[in-house]
Amino acid sequence: MEIDLVPMSNFIRNTDKFIVLNDNTCAIILDNANDESGIKAANNLLTKFQGSAFDIPLYSAIVTASNYSNSETMIRELFHLLDFAIANNINQQVIDHTQII
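The numbering scheme is per chain: residues are counted from 1 as the chain's sequence reads. Where local features are concerned, this predicted model is filtered to residues with pLDDT of at least 70; where side-chain atom pairs are given and counted, the filter is 80 or more; whole-chain, interface and lining totals use all residues. As a rule here, side-chain values cover all heavy atoms of the structure and leave hydrogens and water aside.

Trainee: I'd like a rundown of the overall build of the protein chain, residues and numbers included.
Mentor: Across its full length, the protein chain holds two helices and four strands. For the purposes of this entry, the term helix denotes a DSSP run of H or I that reaches at least four residues, the term strand denotes a run of E that reaches at least two, and both are numbered from the N terminus. Start at the N end of the protein chain and walk to the C end: the helices and strands fall as β-β-α-β-α-β. Only C-alpha atoms enter the radius of gyration; for comparison, a globular chain is expected to reach 2.2 Å times N to the power 0.38, where N is the number of residues. Relative to its length of 101 residues, the protein chain is compact, with a C-alpha radius of gyration of 13 Å against a globular reference of 13 Å. On the principal axes, the C-alpha backbone points of the protein chain span a range of 35 × 35 × 25 Å. Burial classes: relative accessible area under 20% of the type maximum marks a residue as buried, over 50% as exposed, and values in between as partly exposed (1.4 Å probe, protein chains only). Within the protein chain, the proportion of its 101 residues that are buried is 33%.

Trainee: Now, about the layout of surface pockets: what can you tell me, with residues and values included?
Mentor: A 1.4 Å probe that fits but cannot get out identifies a cavity on a 1 Å grid over protein atoms alone, an open set with protein on both sides within 12 Å along at least five of seven lines counts as a pocket, and a residue lines either if it has an atom within 4 Å of a point. Grid points are joined across faces, edges and corners, and a volume is the space filled by probe spheres set on the points. Empty space within the largest pocket amounts to approximately 1100 Å³. Contributing to the lining of the largest pocket are 36 residues, with Cys26, Ala27, Ile28, Ala61 and Leu78 lying nearest its centre. Elements represented by at least two residues in the lining of the largest pocket include exactly strand 1 (17–22), strand 2 (25–29), helix 1 (35–53), strand 3 (59–61) and helix 2 (71–87). Here the lining of the largest pocket takes six residues from helix 2, the largest share from any one element.

Trainee: Go over the confidence of the model for the protein chain, please, and point to the residues and values.
Mentor: When pLDDT is averaged along the protein chain, the result is 85; 93% of the residues meet or exceed 70. The quantity known as pLDDT measures the predictor's confidence residue by residue, on a range of 0 to 100. Per-element confidence in the protein chain ranges from a low mean pLDDT of 84 for helix 1 to a high of 93 for helix 2.

Trainee: Could you give an account of the nonpolar core, naming the residues involved and the relevant values?
Mentor: Put simply, a nonpolar core is a bunch of buried Ala, Val, Leu, Ile, Met, Phe, Trp, Tyr and Cys residues held in one set by side-chain atoms that sit within 4.5 Å of each other. Counting eleven residues, the largest nonpolar core is built from Leu5, Met8, Ile12, Phe18, Ala42, Leu45, Leu46, Phe49, Leu58, Ile62 and Val94. At four residues, the largest contribution of residues to this core is made by helix 1. Contact between two residues is taken to exist if any of their heavy atoms lie within 4.5 Å; hydrogens are not considered. Apart from residues no more than four positions distant in its own chain, Leu5 is found in contact with Phe18, Asn24, Thr25, Cys26 and Phe49. By size, the runner-up hydrophobic cluster in this structure holds ten residues, among which are Ala61, Tyr68, Leu78 and Ile90.

Trainee: Quick one: what's the story with the environment of Asn67, residue by residue and with numbers?
Mentor: With respect to the helices and strands, the residue Asn67 is situated in the loop between strand 3 and helix 2. Expressed as a C-alpha distance, the spacing of Asn67 and Ala85, which sit 18 residues apart in the sequence, is 20 Å. When neighbours within four sequence positions are excluded, Asn67 is seen to be in contact with Asp35 and His97.

Trainee: An account of the pattern of salt bridges is needed here, citing residue identities and associated values.
Mentor: Think of a salt bridge as a Lys or Arg side-chain nitrogen and an Asp or Glu carboxyl oxygen that are within 4 Å of each other. Taken as a whole and assessed by the stated rule, the structure comprises one salt bridge. Here Arg13 ties to Asp16 by a salt bridge, and the two come within 2.7 Å at their closest N and O atoms. Residue Arg13 is classed as partly exposed on the basis of its relative accessible area of 43%.

Trainee: Pulling in residues and values, what's your account of empty space enclosed by the protein?
Mentor: Scanning the entire structure with this criterion turns up one cavity of 30 Å³ or more. Space inside the largest cavity adds up to approximately 40 Å³. Forming the walls of the largest cavity are Asp35, Ile39, Ile62, Val63, Thr64, Asn67, Asp96 and His97. Amino acid classes used here: Ala, Val, Leu, Ile, Met, Phe, Trp, Tyr, Cys and Pro are nonpolar; Asp, Glu, Lys and Arg are charged; the rest, including Gly, are polar. Along the lines of polarity and charge, the residues of the lining of the largest cavity split into three nonpolar, three polar and two charged.

See below:
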């Protein structure tokens with residue numbers, strides 16, 4: 001099922017960046033966000049999405065650039081988190097590295 005994620009771009013700040021990766025995958029780069037503010041912003045976006053499409057599973061993960069030495073490692077970790085969420089059916093919530101056992 002295709003999901004129109006573009007309307008989510010209306011809920012981010014002008015300094016943030018919304019990137020469509022494919023029909024059902026997007027990335028949002030939150031400018032100048034630490035772990036706490038990033039998770040709060042991601043949860044707010046999730047709430048906005050749920051208001052219009054609650055019955056559609058949404059897998060969401062967050063990484064913070066300051067926790068990684070380079071962008072390749074950070075991106076690899078982000079997709080690892082998303083893979084973990086999908087494999088464990090953790091949808092409709094934001095996960096981060098602290099939730100991986």
